[in-house]
Amino acid sequence: MSLFSAVNPAFIILPIVLAQYVYATIALVFLARARLSVRSYILWNLFIVIVFFVGSTSFLIYNACRKKNSKERDERDGGDMR
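In this text the structure is predicted, and so the values were computed from the model without any measurement. (Residues numbered from 1 in each chain as written. Predicted model: local features only at pLDDT ≥ 70, side-chain atom pairs only at ≥ 80, totals over all residues. Heavy atoms only, no water.)

Colleague: Tell me about the overall build of the protein, and name the residues and values.
Modeller: A count of helices and strands for the protein gives 4 helices and 0 strands. The order of α-helices and β-strands along the protein, N terminus first, is α-α-α-α. Counting every position in the protein, which comprises 82 residues, the buried fraction comes to 13%. Looking at the protein alone, contacts between residues at least 24 apart form 52% of all its contacts between residues at least 6 apart. Carbon and sulfur atoms form 67% of the exposed surface of the protein, whose accessible area is close to 6800 Å². (Helix = DSSP H or I, 4+ residues; strand = E, 2+ residues; numbered from the N terminus. Buried < 20%, exposed > 50% of the residue type's maximum accessible area, 1.4 Å probe, protein only. Contact = heavy atoms within 4.5 Å. Areas by Shrake-Rupley, 256 points an atom, 1.4 Å probe, with all protein chains shown as cover.)

Colleague: Before we move on, can you summarise the environment of Phe 53 with the specific residues and values?
Modeller: Following the sequence through the fold, Phe 53 ends up in helix H4 (residues 52-76). Taking relative accessible area as the criterion, Phe 53 reaches 53% and is therefore assigned exposed. Separated by 32 residues in sequence, Phe 53 and Tyr 21 have C-alpha atoms that sit 9.1 Å apart. Those residues within four positions of Phe 53 in sequence are excluded, and the remaining contacts are Gln 20 and Tyr 23.

Colleague: Can you break down the side chain of Ser 56 residue by residue, with the values?
Modeller: With respect to the element layout, Ser 56 can be found in helix H4. With relative accessibility at 0%, the residue Ser 56 sits in the buried group. Discounting chain neighbours no more than four positions away, the residues touching Ser 56 are Gln 20, Tyr 23, Ala 24, Ala 27, Ile 48 and Val 51.

Colleague: Give a description of the packing of aromatic side chains that names residues and reports values.
Modeller: One pass over the full model with this rule turns up 6 aromatic pairs. Ring centres of Phe 59 and Tyr 62 lie 6.4 Å apart, and the angle between their planes is 40 degrees; on these two criteria the pair is classed as tilted. On the criterion of helical spacing, the pair formed by Phe 59 and Tyr 62 is a turn pair, its members being 3 residues apart in helix H4. (Phe/Tyr/Trp six-rings, centres within 6.5 Å; stacked < 30°, edge-to-face > 60°.)

Colleague: Could you give an account of the packing of helix H2 (residues 10-33) against helix H3 (residues 38-50), with specific residues and numbers?
Modeller: As a packed pair, H2 and H3 sit with axes 10 Å apart at the nearest point and diverge in direction by 175 degrees. Compared by their axis directions, H2 and H3 come out roughly antiparallel. Counted together, Ala 24, Ala 27, Leu 28, Leu 31 and Ala 32 of H2 and Tyr 41, Trp 44, Asn 45, Ile 48 and Val 49 of H3 form the full contact between these two elements. In the contact of H2 with H3, the residues fall into 9 nonpolar, 1 polar and no charged. (Axes fitted to C-alpha atoms, helices over the stretch in contact; angles between N-to-C directions. Parallel < 35°, antiparallel > 145°, perpendicular 65-115°, else oblique. Nonpolar A, V, L, I, M, F, W, Y, C, P; charged D, E, K, R; others polar.)

What follows is the structure in structure tokens.
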């Protein structure tokens, strides 16, 4: 008798699915805080919801790169603009 035949598949799949929903929720919270145009907001929202793991990961990477580029641009332009 194999180890895999003794384990119920639900015990393997359920934590993966739950982790994905938590990950998507985190990405959607970051999306809600991001200052994006309405069109970009809608497209990212659909991408995160429809293409589960890849959508969340790609948005979080995009958001991190966008923030980094924004900080570099502010420093180059003379700091804090009011």
